[in-house]
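# Structure assessment
Residue-level listing of the chains:
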Amino acid sequence: MRVPRQIPFLLALLLAVPSGADSLILFIGDGMGLEHMKLAQDAAGAPWTGFPHFAAVDPSSLCGIPDSPASGTAIATGHRTANRRIGMLEDGRAAASLAERARGMGFAVGIVTNDLLTGATPAAFYAHWGDRRDHKAIAAFLFRSGLDLFIGGGGRHLPRREARRAGYDYRTSLGPPLGPKALVVLDGGEMPFLMDDPVNGRLLPAVQAALDRLWGDGRPFFLMVESALIDHASHDNDAARLEVEMRGNVRTILSYLQEWVGRHPETALVATADHECGGFDAGARAFTDDHHTAEPVAVLSTRPLSGEMVQQWELHGCLLEILRARTPR
Ligand SMILES: [Zn+2]
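Residues numbered from 1 in each chain as written. Predicted model: local features only at pLDDT ≥ 70, side-chain atom pairs only at ≥ 80, totals over all residues. Heavy atoms only, no water.

## A short note on the overall build of the chain
In terms of regular secondary structure, the chain is built from 11 helices and 11 strands. Expected size for 329 residues packed as a compact globule is a radius of gyration near 20 Å; at 18 Å, the chain falls within 12% of this value. Dimensions of the chain along its principal axes, counting C-alpha atoms only, are 55 × 45 × 45 Å. Counting every position in the chain, which comprises 329 residues, the buried fraction comes to 57%. (Helix = DSSP H or I, 4+ residues; strand = E, 2+ residues; numbered from the N terminus. Rg over C-alpha atoms; globule rule 2.2 N^0.38 Å. Buried < 20%, exposed > 50% of the residue type's maximum accessible area, 1.4 Å probe, protein only.)

## Some remarks on the nonpolar core
If you look at the biggest cluster of nonpolar residues, it comprises 98 residues, and the most contacted ones within it are Phe125, Leu183 and Phe222. Among the elements that make up this core, the one with the highest residue count is helix α10 (residues 239-263) (10 residues). With near-sequence residues (within four places) excluded, Phe125 lies in contact with Leu26, Ile28, Ile75, Ala76, Ser97, Leu98, Ala99, Glu100, Ile111, Leu147, Phe222 and Met224. (Core = buried A, V, L, I, M, F, W, Y, C linked by side-chain atoms within 4.5 Å. Contact = heavy atoms within 4.5 Å.)

## Considerations on the pairing of strand β11 (residues 297-301)
In terms of burial, β11 is a largely internal element, 5 of the 5 residues being buried. Because side chains alternate across β11, one face comprises the buried residues Val297, Val299 and Ser301, and the other comprises Ala298 and Leu300, equally buried. For strand β2 (residues 53-57) and β11, the ladder comprises 5 bridges, and the chain directions are antiparallel. Counted as the bridge partner of Ala55 is Val299 from β11. (Pairing = 2+ DSSP bridges.)

## Focus: the coordination of the zinc ion
Protein ligation of the zinc ion involves Asp231 (OD), Asp231 (OD), His235 (NE2) and His292 (NE2), the donor distances falling in the range 2.0 to 2.7 Å. Given 4 donor atoms and angles of 52 to 135° at the metal, the environment of the zinc ion is assigned as irregular. One chain supplies every donor for the zinc ion, spaced along it as D-x3-H-x56-H. With Asp231 and His235 both in helix α9 (residues 229-235) and 4 residues apart, this pair spans about one turn of that helix. Look at Asp231 and you get buried, because its relative accessible area is 7%. For His235, a relative accessible area of 26% corresponds to the partly exposed category. (Donors = N, O, S within 2.8 Å, 3.2 Å for Na, K, Ca; no water. Tetrahedral: all angles 85-135°; square planar, octahedral: opposite > 155°, others 65-115°.)

## Looking at the environment of Ser227
Of note, Ser227 is situated in strand β7 (residues 221-227). C-alpha of Ser227 to C-alpha of Asp115: the two residues are 112 residues apart in sequence and 7.7 Å apart in space. Excluding residues that lie within four positions of it along the chain, Ser227 makes contacts with Phe27, Ile28, Gly29, Asp30, Asn114, Leu203, Asn249 and Val250. Separated by 2.8 Å, the side chain of Ser227 and the backbone oxygen of Asn249 make a polar contact. (Polar contact = N/O pair within 3.5 Å; in protein donor to acceptor, adjacent residues only side chain to side chain.)

## What to know about the packing of aromatic side chains
Considering all chains together, one arrives at 7 aromatic pairs under this definition. Both rings, one in Phe125 and one in Phe222, keep their centres 6.2 Å apart while their planes meet at 35°; by these two values the pair is tilted. Of the two residues, Phe125 is situated in the loop between α5 (120-123) and α6 (135-143) and Phe222 in strand β7; the sequence distance between them amounts to 97 residues. The buried category is assigned to Phe125, whose relative accessible area is 0%. Ring pairs connect the aromatic residues Tyr126, Phe150 and Tyr168, which therefore count as one cluster. The lysine or arginine in question, Arg144, covers the ring of Phe141, its NZ or CZ lying 4.6 Å from the ring centre. In this structure, Lys181 is placed above the aromatic ring of Tyr168, and the distance from its NZ or CZ to the ring centre is 4.5 Å. (Phe/Tyr/Trp six-rings, centres within 6.5 Å; stacked < 30°, edge-to-face > 60°. Lys NZ or Arg CZ within 6 Å of the ring centre and 35° of its normal.)

Here's what the structure looks like:
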């Protein structure tokens with residue numbers, strides 16, 4: 001259902017509250033299959049039950065079994081592509097991403113991940129390149145993206161001098177409050193598994209800082225949050241680390257986002273995965289594979305998602321619809 005554009009505008013005027021509503025938060029669990037999600041449940045329930053709308057989508061890429069570049073590209077651009085390609089079609093053409101479209105529509109845009117910021121999933125939202133492994137080329141896209149906020153790992157691919165030349169406030173920690181264009185690098189590589197992290201969790205403070213920055217901006221915003229290490233634990237067939245990731249870096253983050261959206265009800269929250277990894281069986285706590293599978297993945301939403309959604313790339317149109325319904329005028 002479309003919200004008449006005038007209503008939030010008038011309410012904002014009448015109540016003199018920031019107009020940072022009418023926004024979209026997209027959470028992506030990298031490698032998070034339906035069985036993985038069971039690890040985040042206990043007697044107290046699971047965050048999934050807080051989402052009124054649920055679908056399952058087929059993440060197959062043009063190569064069949066998807067990788068994160070192809071799945072990220074499907075979600076970000078609405079196009080099925082070949083593996084390894086980031087924001088790029090099979091014929092080499094670039095495809096505009098949700099983040100780029102949102103920026104063009106006047107939204108503030110942020111990207112948060114516990115992977116490398118030049119990793120495939122975040123890169124699908126700002127880069128257009130044929131090979132996920134070329135971090136130098138992908139970093140160049142990040143610097144000229146013009147997006148407002150990046151928080152994540154991968155400092156070794158993001159030289160401070162180039163970041164500053166591109167106008168980014170380059171930081172290695174979250175405080176004090178972030179400026180208008182901020183690049184926060186919390187690790188030289190990917191962040192450690194939560195089970196091994198001496199800091200005991202960096203993704204939640206990163207999400208909190210991102211929401212403070214984007215809400216305080218006054219414009220509507222689009223925020224993509226990736227919880228990446230589910231995939232890594234699954235490649236390792238490490239059920240113990242996977243469970244800690246699912247509880248600490250999925251359940252905790254989603255619970256926080258649900259609570260935040262509860263306080264900012266004009267903001268939509270959509271949670272999904274790029275693909276399953278490991279052929280995981282939660283009952284047996286066992287894996288049947290050490291790579292990705294083409295099993296369906298979940299789409300959970302606080303808002304109705306329009307149209308038929310069977311293929312993963314079709315999610316893109318639903319997300320774009322949310323942004324378009326809220327385009328500031
Ligand atoms: Zn993987």
